[in-house]
Amino acid sequence: MFETLKTLAKGLGDRRIEDLFADVGRADAFSLEALGMRFDYAKTQIDDDIRAALLDLAESRDVAVRRDAMFAGQKINETEGRAVLHTALRNLDARPVLVEGRDVMPGVLDTLARMEALANEIRGSDVTDVVNIGIGGSDLGPVMATLALAPYHDGPRCHFVSNVDGADIADTLRRCDPARTVFIIASKTFTTIETMTNAETAKRWLADKGVDEAGKFIALSSDVARAGAFGIPPERCFGFADWVGGRYSVWGPIGLSLMLAIGPEGFTAFLRGAEAMDRHFVEAPLAANMPVLLALVGIWHNQVLGHATRAVLPYDNRLSRLPAYLQQLEMESNGKGVGMDGAALPYDSGPIVWGEPGTNGQHAFYQLIHQGTRVVPCEFLVAAQGHEPDLRHHHDLLVANCLAQSEALMRGRSLDEARARVAGQFEGDELDRQARHRVFPGNRPSTTLIYPLLDPETLGKIVALYEHRVFVEGVILGINSYDQWGVELGKELATALGPLVRGEAGAGGKDGSTAALLRFAHTHKAT
Ligand code: F6P
């Protein structure tokens, strides 16, 4: 499938990205401005021919047809027999969205109105702390967005407990006043062991503190019956349908903690941003479509050039959890070994995604990005302005660092340049040896997404941009981006290991390594 592109890649020879800028129009020709943001992919090896081949690939894989099928409510999640309609949650124009012939929008808008009423009630009360208990998609989206929008917080403090490690909830509850704390139990299935264990612990904590649990719990789930069995009354349950995947669920009830933090208006702006990106994704031609171009750059680097990872590097400290959020979004969606038809993928699945905010990462792993033997395509994000008017000099430094990194990655530093820098300090062979350590190969690709300010609407656009990028890459790879069977085996084995860890059953039948680790755990168990 990638033959033409692989041939083009072979033909690159020793061409350097920098040389492409001999074309003075390159920066604009290989950037896209849409929705007030600029996506620059000029600092990659992609030229007219490569871009044309990538767009041909998208056409041949029916990206537009599959996209329209998704928005039309067709069951594109074929292994689970479900539609994929997180976009309906931000369809504020209420354009009808049909699932099996029924418009789902009245239900979506009704739930949103109920969330707003509850958010206003809690924000107007003496509640000081809200603890969202959830994991994976029921945690990462709200955490990421709540941190990102800190300047807009005017509600109760929001905490997030996800890990089954008791340290997580213990450290959180220590900071909360039981009389003024509300718990949100966020779980699509309402069965996830981590979430249920933490929810029970929260109940016990209230009881131990002598606080009545009535009115203290809210449920966000597709399984309202299970939430009821936990003791949460229907008026405090917010359901969502099975056509909202966990990692795509921040736009609905799972976003309640964000709504509590920034208020219903701010939350609506977040949805509006995503809705605008949806419209762009549906309407813009592929060649001028931001999610499509972002995906094609990804395919070029990962499947064609074989770079196994990509780094997401937000020069926006409040996006510190964006890499973690994207790890689930991208790797749980496109980390699959078989295509829709069940046959093994004849090429690599989606890439390994990782990252940290700049400038912190510069003082940690950028050494490898600049001089390591493997190429790591980098995706920079940066705002033109910060939220701190008194600290403009900080922001100028932040932007300068972001731009400097992509320039350094592309330009590098030759041996001659390195020699010239140390010429006064060393001579002869030592000069040469010292210079080699200071060489940067350069020619390392990166993209930059620049936007005016990280406000709720912009965050909505960015998150929806990445969601659609994952979709496009998944379609091109022929993957079902909406199931996650790969998380099941570990869960099953953990359930089976429970009695062995508790000492209620022996380790017979376990491999030698697991048995020895169990023995060590028993020997050193707290008594
Ligand atoms: O284990 C993976 C997963 O199923 C994710 O896909 C999901 O976001 C997470 O667990 C949490 O699931 P739930 O919201 O049902 O508790």
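Quick notes on the rules
- Residues numbered from 1 in each chain as written.
- Predicted model: local features only at pLDDT ≥ 70, side-chain atom pairs only at ≥ 80, totals over all residues.
- Heavy atoms only, no water.
- Helix = DSSP H or I, 4+ residues; strand = E, 2+ residues; numbered from the N terminus.
- Buried < 20%, exposed > 50% of the residue type's maximum accessible area, 1.4 Å probe, protein only.
- Contact = heavy atoms within 4.5 Å.
- Areas by Shrake-Rupley, 256 points an atom, 1.4 Å probe, with all protein chains shown as cover.
- Axes fitted to C-alpha atoms, helices over the stretch in contact; angles between N-to-C directions.
- Parallel < 35°, antiparallel > 145°, perpendicular 65-115°, else oblique.
- Left-handed = near helix turned anticlockwise from the far one by under 90°.
- Nonpolar A, V, L, I, M, F, W, Y, C, P; charged D, E, K, R; others polar.
- Near = heavy atom within 4 Å.
- Polar contact = N/O pair within 3.5 Å; in protein donor to acceptor, adjacent residues only side chain to side chain.
- Pairing = 2+ DSSP bridges.
- Expected span 1.5 Å × (residues − 1).
- Core = buried A, V, L, I, M, F, W, Y, C linked by side-chain atoms within 4.5 Å.
- Phe/Tyr/Trp six-rings, centres within 6.5 Å; stacked < 30°, edge-to-face > 60°.
- Lys NZ or Arg CZ within 6 Å of the ring centre and 35° of its normal.

K.L.:
What exactly am I supposed to notice about the overall build of the chain here?
P.N.:
Across its full length, the chain carries 19 helices and 13 strands. Its C-alpha atoms give the chain principal-axis dimensions of roughly 75 × 60 × 55 Å. Evaluated residue by residue, the chain yields a buried proportion of 51% over its 527 residues. In the chain, the share of contacts with a sequence separation of at least 24, taken over all contacts with a separation of at least 6, comes to 75%. For the chain, the accessible surface area stands at approximately 23300 Å², while carbon and sulfur atoms represent 53% of it.

K.L.:
Just to check I follow, could you spell out the packing of helix H12 (residues 322-334) against helix H17 (residues 456-477) for this structure?
P.N.:
At their nearest, the axes of H12 and H17 sit 10 Å apart, and the two run at 20° to each other. Taken together, the axes of H12 and H17 lie roughly parallel to each other. Relative to H17, the crossing made by H12 is right-handed. Residues Tyr325, Leu326, Leu329, Glu330, Ser333 and Asn334 of H12 lie in contact with H17, whose contacting residues are Val463, Tyr466, Glu467, Arg469, Val470, Glu473 and Gly474. In terms of residue class, the contact of H12 with H17 is made up of six nonpolar, three polar and four charged.

K.L.:
Help me understand the site of the ligand, please; the structure alone is not making it clear to me.
P.N.:
The ligand sits among 14 residues. The nearest are Ser138, Ser187, Thr189, Thr192 and Glu332. Between Ser187 and the ligand, the recorded distance is 2.6 Å, taken from a side-chain N or O atom to an oxygen atom. With the chains in place, 87% of the 390 Å² that the ligand exposes on its own is no longer accessible. Per-class residue counts for the shell around the ligand are two nonpolar, nine polar and three charged.

K.L.:
Explain the sheet that holds strand S9 (residues 237-239) to me, please; I cannot follow it from the model alone.
P.N.:
Backbone hydrogen bonds hold the strands of a sheet together, and the pairing may be parallel or antiparallel. Sheet architecture is open: five strands sit in the order S6-S5-S7-S8-S9, paired in parallel fashion. The sheet is open, and its two edges are formed by strand S6 (157-161) and S9, each paired on a single side. Strand-to-strand twist of the sheet, defined as the mean angle between neighbouring strand axes without regard to direction, takes the value 20°. Two elements, strand S7 (residues 181-186) and strand S8 (residues 217-221), share four bridges in a ladder whose sense is parallel. Along S8, the bridge assignment pairs Ile184 with Ile218. Across the sheet, helix H7 (residues 166-173) is in contact with strand S5 (129-133), S6 and S7; its angle to S6 comes to roughly 160°.

K.L.:
Could you clarify how one ought to interpret helix H11 (residues 290-304) in this entry?
P.N.:
Two residues of an α-helix separated by three or four positions point the same way, owing to the 3.6 residues in each turn. In this model H11 runs 20 Å from its N-terminal to its C-terminal C-alpha over 15 residues, within 8% of the 21 Å that 1.5 Å per residue would give. With respect to burial, H11 is a largely interior element, 15 of its 15 residues being buried. Of the residues one or two after H11, Gly306 is the one with positive phi, at around 80°.

K.L.:
Sorry if this is basic, but what is going on with the nonpolar core here?
P.N.:
Soluble globular proteins tend to bury their nonpolar side chains together. Membership of the largest hydrophobic core comes to 114 residues, with the highest contact counts inside it found for Trp243 and Leu459. Membership of the second largest hydrophobic core comes to 21 residues, among which are Ile133, Phe190, Trp205 and Leu206.

K.L.:
Whenever I open this one, the packing of aromatic side chains confuses me. Can you help?
P.N.:
Note on aromatic pairs: each is described by the distance of the centres and the angle between the planes. In this structure the tally under the stated criterion is 15 aromatic pairs. With a centroid separation of 5.6 Å and 20° between ring planes, the pair formed by Phe39 and Tyr41 is classed as stacked. Considering the side-chain rings of Phe217 and Phe230, the 5.7 Å spacing of their centres and the 75° angle between planes classify their relative orientation as edge-to-face. Here Phe217, found in strand S8, pairs with Phe230, found in the loop between helix H9 (224-229) and S9; they are 13 residues apart in sequence, far enough to count as distant. Since its relative accessible area comes to 4%, Phe217 is described here as buried. Through successive ring pairs, a cluster of aromatic residues spans Phe183, Phe190, Trp205, Phe217 and Phe230. For the cation-ring pair, Arg90 lies above Trp251, with the distance from its terminal atom to the ring centre recorded as 4.5 Å. The ring of Phe230 is capped by Lys203, whose NZ or CZ atom sits 4.1 Å from the centre of that ring.

No statement about biological role is implied by the geometric values presented.
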